[in-house]
Amino acid sequence: MSKDTNSRMGPDVRRKALADHVLSAGSVSAADLAELFAVSLMTIHRDLDELERQGLVRKYRGGVTAQPSGVFESNVAYRKKSMQHAKEAIAEHVAAMVEPGMAVMLDDSTTALALARRLTGITPLTVVTNFLEIINLLSRERDIRLMALGGDYDPLHDSFLGMSCVDAIESLRVDLCFVSTSSVSGGFAYHQEQHIVSVKRAMLDAAARSVLLVDHTKLGRVALHRVAPLSVFERVVVDDGASAEALRELDEHKVVHEVATAS
């Protein structure tokens, strides 16, 4: 997109483009953004103030970063762009666990979305999910019986949540459940949002076997709410960016884990 086109953007369009650029770059100076979007430094700072108010970016002196705050990390647009190679490697690794005839439950994580893309060749299959993007992805697959978990639609997560979603999960029993979470530390999985925790716990209770999918950036971190001890999972699957120290901590807590390597 040319600078001339950027200069003609309305503020809402420009702010969305700003957020997308920061997501891709990770960190960028306000001066560079002003040049890129062909607007004044004052305009850029007003835009960044609004994006920070929405929880989408973090400002620092002279620039802005995509280091996630709780709200930013929850944003599905952010999650779809972060750690893509790691998530694809994890999804490829765990797809081998799925067999035709199974009933599989997927949460609203973008790692589960990467796994969903690999399920079309493993049929017949029943897939249960609360993630709208997975529902849309699999809705036309003739050999997949798709069960959509209803509830209150949450646009931040692009998924259905709330007590009605929990009630729907509790009426089911699946062979395998794949979930992700915000952080893993001290032998426990954590998440920063309480209303997400209740749905994930219900999913774990509804499954004969559960697998936790976490990229290496989530190891050794702590979020606000404890989801479950890692012992409830049959295994934890991480990508090969995990440090020796992080893997050693899993060993110390006797957590069965596997490392997915990128192909």
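Heads up: the structure comes first, above all this text.
Conventions adopted
- Residues numbered from 1 in each chain as written.
- Predicted model: local features only at pLDDT ≥ 70, side-chain atom pairs only at ≥ 80, totals over all residues.
- Heavy atoms only, no water.
- Helix = DSSP H or I, 4+ residues; strand = E, 2+ residues; numbered from the N terminus.
- Buried < 20%, exposed > 50% of the residue type's maximum accessible area, 1.4 Å probe, protein only.
- Areas by Shrake-Rupley, 256 points an atom, 1.4 Å probe, with all protein chains shown as cover.
- Pairing = 2+ DSSP bridges.
- Right-handed = clockwise from strand over helix to strand, strands pointing away.
- Axes fitted to C-alpha atoms, helices over the stretch in contact; angles between N-to-C directions.
- Parallel < 35°, antiparallel > 145°, perpendicular 65-115°, else oblique.
- Contact = heavy atoms within 4.5 Å.
- Salt bridge = Lys/Arg side-chain N within 4 Å of Asp/Glu carboxyl O.

Our focus in this paragraph is the overall build of the protein. When you go through the protein residue by residue, the secondary structure sums to 12 helices and 15 strands. Taken over 263 residues, the protein has a buried fraction of 50%. As displayed, the protein has an accessible area near 12500 Å², and 51% of this comes from carbon and sulfur atoms.

On to the pairing of strand β15 (residues 257-260). Pairing of strand β14 (residues 235-239) with β15 involves 4 bridges; the strand directions are parallel. The residue bridging valine 238 from the neighbouring strand is valine 259, located in β15. In this fold, the crossover linking β14 to β15 by way of helix α12 (residues 244-252) has right-handed handedness.

With parallel pairing, 7 strands are arranged side by side in an open sheet as β6-β5-β4-β9-β12-β14-β15. If you trace the sheet from one side to the other, it starts and ends with β6 (144-148) and β15, each paired once. If you compare each strand with its neighbour and ignore which way they point, the axes differ by 20° on average. In terms of strand pairing, strand β4 (residues 103-106) meets strand β5 (residues 125-129) through 4 bridges, oriented parallel.

Another point: the packing of helix α10 (residues 163-170) against helix α11 (residues 194-205). Two numbers describe a pair of packed helices, the interaxial angle and the distance between the axes. For the pair α10 and α11, the least separation of the axes is 9 Å and the interaxial angle reads 5°. Regarding the angle of α10 to α11, the classification is roughly parallel. Contacts between α10 and α11 pair Cys165, Val166 and Ile169 from the former with Ser198, Val199, Ala202 and Met203 from the latter.

Attention now goes to the pairing of β4. In β4, alternate side chains face the same way, and those of Ala103 and Met105 on one face and Val104 and Leu106 on the other are all buried. Pairing geometry for β4 and strand β9 (residues 174-179), over 3 bridges, is parallel. Bridging across to β9, methionine 105 finds its partner in cysteine 177.

As a further point, take the pattern of salt bridges. Taken as a whole, this structure holds 10 salt bridges when the rule is applied. The salt bridge partner of aspartate 49 is lysine 59, with a shortest N-O separation of 2.8 Å. Remark: lysine 59 occurs in strand β2 (residues 58-60) and aspartate 49 occurs in helix α4 (residues 41-53); sequence separation between them is 10 residues. Take aspartate 49: its relative accessible area is 40%, and that puts it in the partly exposed class. Note that glutamate 234 is salt-bridged to arginine 235, the shortest N-O span being 2.8 Å. On the accessibility criterion, glutamate 234 (28% relative accessible area) is partly exposed.

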